[in-house]
Amino acid sequence: MKPDMQTTRPSWDQYFMDIVEFVSRRATCLRRKVGAILVRDKRILATGYNGPPAGITHCSEVGCLRDNMGIPSGERHELCRGLHAEQNAIIQAALYGVSTKGATIYCTNHPCIICSKMIINSGIVSFVYKDDYGDELAEEMLAEAGIEGRKL
């Protein structure tokens, strides 16, 4: 008997989101493990997870600057040792000369305003995410830019 393909094979969205979840396991942030991948034509272009720039001590080793300063989640993004997963994926693509134009970014969380602005200017055309983030300005700007988002 032939197996039911709907139960044995994930959709493309689910396949990429499963990979995003795995990528997020590399994150060294003490508050939230976030992953992102850039995809075009069903091919992975770059991956990213949240953590400090290359060569900088990880928060998991020195503690969380934001916790020490009492900064709530979603505020004062500049006061952090780390980069967001979406930022790291876009930077990795740039570092290796991979165009992000026309790509979709898959994220564990809805992008914040800073990541949204980078997504808009990098030519990414859509995003798929698992969990909400609660950044109204990010939602408004992505919609205004015509970037399609969908929650999986």
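In case you missed it, the structure is sitting above this.
Only a predicted model underlies this, so the values are computations on that prediction, with no experimental measurement involved. (Residues numbered from 1 in each chain as written. Predicted model: local features only at pLDDT ≥ 70, side-chain atom pairs only at ≥ 80, totals over all residues. Heavy atoms only, no water.)

Caption draft 1: The arrangement of the sheet that holds strand 3 (residues 104-109) in detail. Within the open sheet, the 5 strands sit side by side as 2-1-3-4-5. Their pairing is mixed. Two strands close off the open sheet at either side, each with one partner strand: strand 2 (43-49) and strand 5 (148-151). Taken pair by pair, the neighbouring strands of this sheet meet at an average axis angle of 20 degrees, ignoring direction. Across 5 bridges, the pairing between strand 3 and strand 4 (residues 126-131) is parallel. Following the sheet pairing, Ile105 is matched in strand 4 by Phe127. Lying over the sheet, helix 2 (residues 12-24) contacts strand 1 (35-40), strand 2, strand 3, strand 4 and strand 5, oriented at roughly 140 degrees with respect to strand 1. (Pairing = 2+ DSSP bridges. Helix = DSSP H or I, 4+ residues; strand = E, 2+ residues; numbered from the N terminus. Axes fitted to C-alpha atoms, helices over the stretch in contact; angles between N-to-C directions. Contact = heavy atoms within 4.5 Å.)

Caption draft 2: Quick look at the pairing of strand 4. Of the crossover connections in this fold, the one passing from strand 3 over helix 6 (residues 113-121) to the parallel strand 4 is right-handed. Taken together, strand 4, helix 7 (residues 136-144) and strand 5 constitute a β-α-β crossover, and its handedness is right-handed. (Right-handed = clockwise from strand over helix to strand, strands pointing away.)

Caption draft 3: Fine view of the layout of surface pockets. One number sums up the size of the largest pocket: a volume of about 420 Å³. Forming the boundary of the largest pocket are 27 residues, of which Cys29, Arg32, Asn50, His84 and Tyr133 lie nearest the centre. Of all the secondary structure elements, the ones that give two or more residues to the lining of the largest pocket are helix 4 (65-69) and helix 5 (85-95). Roughly 270 Å³ of internal volume is contained in the second largest pocket. Lining the second largest pocket are 15 residues; nearest its centre among them are Pro52, Pro53, Ala54, Asn88 and Gln92. Of all the secondary-structure elements, those providing two or more residues to the lining of the second largest pocket are strand 2 and helix 5. In the lining of the second largest pocket, the residues fall into 7 nonpolar, 8 polar and no charged. (1 Å grid on protein atoms, 1.4 Å probe; cavity = no way out; pocket = protein on both sides within 12 Å on 5 of 7 lines; lining within 4 Å. Points joined across faces, edges and corners; volume = space filled by probe spheres on them. Nonpolar A, V, L, I, M, F, W, Y, C, P; charged D, E, K, R; others polar.)

Caption draft 4: Spatial organisation of the packing of helix 6 against helix 7. Across the interface, helix 6 lies against helix 7 with an axial gap of 8 Å and an inter-helix angle of 15 degrees. Here helix 7 runs roughly parallel to helix 6, going by the angle between their axes. Read as a crossing pair, helix 6 and helix 7 show a hand that is left-handed. Contacts between helix 6 and helix 7 involve Ile113, Ser116, Lys117, Ile119 and Ile120 on the former and, on the latter, Leu137, Ala138, Met141 and Leu142. Considering only residue class, the contact of helix 6 with helix 7 consists of 7 nonpolar, 1 polar and 1 charged. (Parallel < 35°, antiparallel > 145°, perpendicular 65-115°, else oblique. Left-handed = near helix turned anticlockwise from the far one by under 90°.)

Caption draft 5: Main features of the nonpolar core. Counting 17 residues, the largest nonpolar core has Ala36, Leu38, Ile105, Ile119, Ile124 and Phe127 as its most contacted members. Contributing elements (two or more residues each) for this core: strand 1, helix 5, strand 3 and strand 4. The element that contributes the greatest number of residues to this core is helix 5, accounting for 4 residues. Not counting the four nearest positions on each side in its chain, Leu38 is found in contact with Arg43, Ile44, Leu45, Ala46, Ala89, Ile90, Ala93, Thr100, Ala103, Thr104, Ile105 and Ile124. One finds Phe16, Val39, Tyr106 and Val128 within the second-largest nonpolar core, a separate group that totals 8 residues. (Core = buried A, V, L, I, M, F, W, Y, C linked by side-chain atoms within 4.5 Å. Buried < 20%, exposed > 50% of the residue type's maximum accessible area, 1.4 Å probe, protein only.)

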